[in-house]
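So the chains spell out like this:
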Amino acid sequence: MNIYIKVVGVIIFVGIVVASALLGKHIPFKEQMPIYDGLRSTSSIIFAVMGAWIALLYPSKLSKAFGKKAYDEKKDDIEQINRLFRPLIYSTVILMVVISMSFVVPLAKQIESLLQYKEIFRSLSFAIIGLLTFVQFWSLILTLIPGDSIKDDLDEVKQREEMLNRMRPGKKGTNK
């Protein structure tokens, strides 16, 4: 990936998290919890979609990657599978954080000594929402990779067939 894109991504990421932290202190947890629920739902969908992509469309790549050939022969298959697993990993982490927050927030509200810090906790919580939203968005972008990979495979097959058709004797436009 281009260094310029990485730098812009980091700047956007930091900006989202900082803005969320600064502005989130006035947003009550009641209003934050539906956002966590939305993140949970979206992560679950991404997890299911990517799992289906891997299981249905790439079983041969999985078997090649875990097969007995030498690592150098498997390197490309392993890299493609890693690209497919990234959205799964991100979605899993998001689900873990969201499920934890759904459990921790109601318990923390019961601890009297923490109530004096509620604005700090709201701010921290909304910063987490900003972070998770950015990661979720990136995960959604990564879900496009399998479709792009399939398109590349189909284009390669099409080019091979076109080349074979041009090479067949008796076709127009070929030398006899």
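Residues numbered from 1 in each chain as written. Predicted model: local features only at pLDDT ≥ 70, side-chain atom pairs only at ≥ 80, totals over all residues. Heavy atoms only, no water.

### Regarding the overall build of the chain
Here is the rule: Only DSSP runs of H or I with at least four residues qualify as helices, and only runs of E with at least two residues qualify as strands; both kinds are numbered from the N terminus onward. For every residue, the accessible area obtained with a 1.4 Å probe (protein chains only) is divided by the maximum for its type, and the residue is called buried under 20%, exposed over 50%, and partly exposed between those limits. Contact criterion: two residues are considered in contact whenever any of their non-hydrogen atoms come within 4.5 Å of each other.
Within the chain, the regular secondary structure consists of 6 helices and 0 strands. The helix and strand sequence of the chain, counted from the amino end, reads α-α-α-α-α-α. By residue count, 24% of the 176 residues in the chain fall in the buried class. Of the contacts formed within the chain by residues at least 6 apart in sequence, a portion of 82% connects residues at least 24 apart.

### As for the packing of helix α1 (residues 3-23) against helix α5 (residues 118-142)
Inclusion rule: In this analysis, axes come from line fits to C-alpha atoms, helices being fitted only over the stretch in contact, and the angle between any two N-to-C directions falls in the range 0 to 180 degrees. Any angle that falls under 35 degrees is termed roughly parallel, while one over 145 is termed roughly antiparallel, one within 65 to 115 roughly perpendicular, and all others oblique. Handedness of a crossing follows from how the near helix is turned relative to the far one, being left-handed for an anticlockwise turn of less than a right angle and right-handed for a clockwise one. Charged means Asp, Glu, Lys or Arg here, nonpolar means Ala, Val, Leu, Ile, Met, Phe, Trp, Tyr, Cys or Pro, and polar covers whatever is left, Gly included.
Axis separation between α1 and α5 bottoms out at 7 Å; the angle between their running directions is 150°. In terms of orientation, α1 and α5 fall into the roughly antiparallel class. The chirality of how α1 crosses α5 is right-handed. For the pair α1 and α5, contact is made by G9, I12, F13, I16, V17, S20, A21 and L22 and by S123, F126, A127, G130, L131 and F134, respectively. Split by residue class, the contact of α1 with α5 holds 10 nonpolar, 4 polar and no charged.

### Section: the layout of surface pockets
Short version of the rule: Within this scheme a cavity is a closed region of a 1 Å grid, computed over the protein atoms alone, that accommodates a 1.4 Å probe without allowing it to escape, whereas a pocket is open but has protein on both sides within 12 Å along at least five of seven lines; lining residues each have an atom within 4 Å of a point. Grid points are joined across faces, edges and corners, and a volume is the space filled by probe spheres set on the points.
Here the largest pocket is characterised by a volume of approximately 370 Å³. Where the lining of the largest pocket is concerned, the elements lending two or more residues are α1 and α5. The dominant element in the lining of the largest pocket, judged by the number of residues it contributes, is α1, at 8 residues. Classifying every residue of the lining of the largest pocket by side-chain character gives 11 nonpolar, 3 polar and 1 charged. When its volume is computed, the second largest pocket comes out at roughly 320 Å³.

### Examining the nonpolar core
The condition that has to hold: Residues enter a nonpolar core if they are buried and are Ala, Val, Leu, Ile, Met, Phe, Trp, Tyr or Cys, with the set joined through side-chain atoms within 4.5 Å.
In this structure, F29, M33, Y36, L39, I94, V98, M101, V105, F126, I129 and L132 together form the largest nonpolar core, which totals 11 residues. Of all elements in the fold, only α2 (29-57), α4 (71-108) and α5 reach the threshold of two or more residues within this core. Of all hydrophobic cores here, the second largest spans 6 residues; its members include I54, Y58, L84 and L88.

### Some details on α2
Condition: Multiplying 1.5 Å by the residue count of a helix minus one yields the expected span of that helix.
For α2, built from 29 residues, the straight-helix expectation of 42 Å at 1.5 Å per residue is met to within 8% by its first-to-last C-alpha distance of 41 Å. Turning to α2, its buried residues are F29, Q32, M33, Y36, L39, S43, I46, M50 and I54.

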